[in-house]
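Examining the three-dimensional arrangement
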Amino acid sequence: MSDHTRFEELVLPHLNAAHNLARWLTRDVNDAEDVVQDACMRALKYIGSLNDSGARAWFLTIVRHAFYDWCKRNRPAEIALDDGTAIDMAVDPAALDPEQAFLRAAESKTLADAVAALPLAYREVLILRELEDLSYKEIARIAEIPIGTVMSRLARARSLLQRSPLLRAVH
């Protein structure tokens, strides 16, 4: 099987997860596209090292590395200091009446703001666990940290969200 065929079969099914992770890490759709494009080029280059069973975690690891490389070039202060820029979350307005849609959009934006305000180390493990539904072991492999650190960062991220003044103002 050619490298391009392996790439299409093993990596491309995880493109949405890659975009999701990159979008949350960069907090910008255009920057996320740049990161994912770089990650795809790297994945294609190193497809020979991929074990067929771990494609998702392998590709998300590459996305994470591509993000950190991009961040060092474009936002070096971001790695040490999170500026709290917000991302808008998509809400299906057709599913709700106008008042419910407004309230849900406000709550979703507030939650997105609170997640975006988390320090990068906490934000990335929270996104990988809660939005990408990865196991602690997979997150540890992707983030290159011990499982215990994954658990403590998740606990800290959740605690920070619970204490977030942004979320307390909603309830």
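Structural data are supplied above this passage.
A brief look at the structure comes next. Small disclaimer: the values here were computed from a predicted structure and weren't measured. (Residues numbered from 1 in each chain as written. Predicted model: local features only at pLDDT ≥ 70, side-chain atom pairs only at ≥ 80, totals over all residues. Heavy atoms only, no water.)

**A short note on unusual backbone geometry**
Put simply, the rule is: The helix count covers DSSP runs of H or I at least four residues long, the strand count covers runs of E at least two residues long, and both are numbered beginning at the N terminus. Burial here depends on accessible area, computed with a 1.4 Å probe over protein chains only, as a share of the maximum for the residue type. Under 20% is buried, over 50% is exposed, and the range in between is partly exposed.
Although it is not a glycine, Arg27 adopts a positive phi angle of roughly 60 degrees. Assignment of secondary structure puts Arg27 in the loop between helix 2 (15-26) and helix 3 (29-45). For Arg27, a relative accessible area of 8% translates into the label buried. Even without being a glycine, Glu144 presents a positive backbone phi close to 55 degrees. Locating Glu144 in the fold gives a position in the loop between helix 8 (136-143) and helix 9 (147-162).

**Side note on the pattern of salt bridges**
Where we set the bar: Definition used for salt bridges: Asp or Glu carboxyl oxygen within 4 Å of a side-chain nitrogen of Lys or Arg.
Applying the stated criterion to the full structure yields seven salt bridges. One salt bridge connects Asp31 with Arg75, and the closest N-O pair in it is separated by 2.8 Å. Of this pair, Asp31 sits in helix 3 while Arg75 sits in the loop between helix 4 (55-74) and helix 5 (76-80), and the two are 44 residues apart along the sequence. For Arg75, a relative accessible area of 22% corresponds to the partly exposed category. Here Arg56 makes a salt bridge to Glu132, at a shortest N to O gap of 2.8 Å. Here Glu132 lies in the loop between helix 7 (120-131) and helix 8 and Arg56 lies in helix 4, a separation of 76 residues in the sequence. Taking relative accessible area as the criterion, Glu132 reaches 6% and is therefore assigned buried. When salt bridges with common partners are traced through the structure, they connect Asp38, Arg42 and Asp69 into a single cluster.

Nothing here speaks to function; it is all geometry.
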